[in-house]
Amino acid sequence: MGNQETQRSHSSDGIRSRMGIGLLGMVMLAVFSGWLAWSEPKRLEQEQQLQSGRDIALGASLYQMHCRTCHGNRGEGIGQLGPALHAQSFFTARLDEVGWIGTLREYIRASIAQGRLMATRPMYAGDEHTAVMPPWQDQYGGILRTDQIEQLSEFILNWKATALGEVELVALPVPEIRLNDPHVIAAGRQAFQRHCGACHHAETGDAGESGEAAGPDLHDIGQSAASRVPDVSAEEYIRESYLIPMAYTVSGYENLPAEERCRGVLKESELRQIVAFLLSRR
């Protein structure tokens, strides 16, 4: 009799023990579920911010390769080539100007992907041979994938805070580069060989050597550039010739195919050095 009561007591203790463990497990599961519900939105937000940062960085590279020649290095717009994108009006008035009923992101994506056949302003009318802006997405005959279109859009939209004055960037000091400094000219000579020699025959360091080349003869550009365009200095002429391919044309190169035009990407310091080197070519 005593053994049976002892067994029943042990069985009850085991049941209570298992129930306690199960209850504790349920409490821990509830706590863990609550923690997930609290932390998951924050984690997703952080992941979205990281992905946005990566897209902006990739979009910046794509912009420098494909967009800067018409819209400017900093989205400031260039003459009659393309309007400013880093401007208050672009973020506050552009959609009304073109009658777009969607979002600005959708407008940017569509404009890049499909291009623009007609200009909304006469100054960007293009010419009789080309569209105002060609399509860039591969499915429309361009060279960019859908994800690259998204990255470019993210980069352009990232200008909103500074364009609207919500964020003011601190200008970083730029070291002065004296264009007549022999060290700067020597560095420009090397930079020219790396980036420009394939088109301007600079294998030995001399710009514009004899022989066939995709680009014009530059052996005396330092002297001739100053007189080619009224009110444009030699330095400005050389800089704009790089930043805006075909802005100034040289006899024999008026109809240069797009794939043979300058498409290099230089740092500002390299561009200054190359300008210094070319100005020394007299």
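Residues numbered from 1 in each chain as written. Predicted model: local features only at pLDDT ≥ 70, side-chain atom pairs only at ≥ 80, totals over all residues. Heavy atoms only, no water.

1. What to know about helix H11 (residues 234-243)
Three- or four-residue spacings in an α-helix give side chains the same orientation, since the helix completes a turn every 3.6 residues.
In step 1: What H11 keeps buried is the set Ala234, Tyr237, Ile238, Tyr242 and Leu243.
In step 2: Residues of H11 that are buried in the fold lie against helix H2 (68-71), helix H10 (221-224) and helix H12 (268-279). (Buried < 20%, exposed > 50% of the residue type's maximum accessible area, 1.4 Å probe, protein only. Helix = DSSP H or I, 4+ residues; strand = E, 2+ residues; numbered from the N terminus. Contact = heavy atoms within 4.5 Å.)

2. Notes on the packing of helix H8 (residues 182-195) against H12
In step 1: Between H8 and H12, the least distance of the axes is 7 Å, while the angle of their chain directions is 105 degrees. Classified by the angle between their axes, H8 and H12 sit roughly perpendicular to one another. Between H8 and H12, the contacting residues are Val184, Ile185, Ala187, Gly188, Arg189, Ala191, Phe192, Arg194 and His195 on the first element and Glu270, Gln273, Ile274, Ala276, Phe277 and Leu278 on the second. (Axes fitted to C-alpha atoms, helices over the stretch in contact; angles between N-to-C directions. Parallel < 35°, antiparallel > 145°, perpendicular 65-115°, else oblique.)

3. Topic: the nonpolar core
Soluble, globular proteins show a tendency: their nonpolar side chains are buried together.
In step 1: In terms of nonpolar packing, the biggest core is built from 22 residues, with Phe90, Leu104, Ile108, Ile112 and Ile156 touching the most fellow members.
In step 2: Listing elements by their share of this core, those giving two or more residues are helix H1 (2-66), helix H3 (88-92), helix H5 (104-114) and helix H6 (146-157).
In step 3: The biggest single contributor to this core is H6, with five residues.
In step 4: If sequence neighbours within four positions are ignored, Ile112 has contacts with Met133, Pro134, Pro135, Trp136, Gln137, Ile149, Leu152, Ser153 and Ile156.
In step 5: Core analysis: the next-biggest nonpolar cluster, separate from the first, contains 19 residues, Cys196, Ile221, Ala234 and Val275 among them. (Core = buried A, V, L, I, M, F, W, Y, C linked by side-chain atoms within 4.5 Å.)

4. Here we look at the packing of aromatic side chains
In step 1: A full pass over the atoms with the stated rule returns six aromatic pairs.
In step 2: Each ring, one from Tyr63 and one from Trp159, has its centre 5.4 Å from the other, and the planes form 90 degrees; the classification is edge-to-face. Here Tyr63 is found in helix H1, whereas its partner Trp159 is found in the loop between H6 and helix H7 (160-163), with 96 residues between them in sequence. In terms of burial, Tyr63 and Trp159 fall into one category: buried. (Phe/Tyr/Trp six-rings, centres within 6.5 Å; stacked < 30°, edge-to-face > 60°.)

5. Details of unusual backbone geometry
In step 1: One non-glycine residue, Asp231, lies in the positive phi region at around 65 degrees.
In step 2: With a relative accessible area of 82%, Asp231 lands in the exposed category.

6. So, the confidence of the model for the chain
In step 1: Summarising the model, the chain shows a mean pLDDT of 76, and 69% of its residues fall at 70 or more.
In step 2: Across residues 125-131 the pLDDT falls below 50, and counting only partners more than four positions away or on other chains, this stretch makes four contacts in the model.
In step 3: Here residues 202-210 scores under 50 on pLDDT; set against residues more than four positions off or in separate chains, the count is 32 contacts. (pLDDT = per-residue confidence, 0-100.)

7. Re the packing of H5 against H6
In step 1: Interaxial distance between H5 and H6 falls to 9 Å at its minimum, and their mutual angle equals 130 degrees. When the axis of H5 is compared with that of H6, the two are oblique. The crossing of H5 and H6 is right-handed. Of H6, the residues touching H5 (which contributes Leu104, Arg105, Ile108, Arg109, Ile112 and Ala113) are Ile149, Glu150, Leu152, Ser153, Glu154, Ile156 and Leu157. (Left-handed = near helix turned anticlockwise from the far one by under 90°.)

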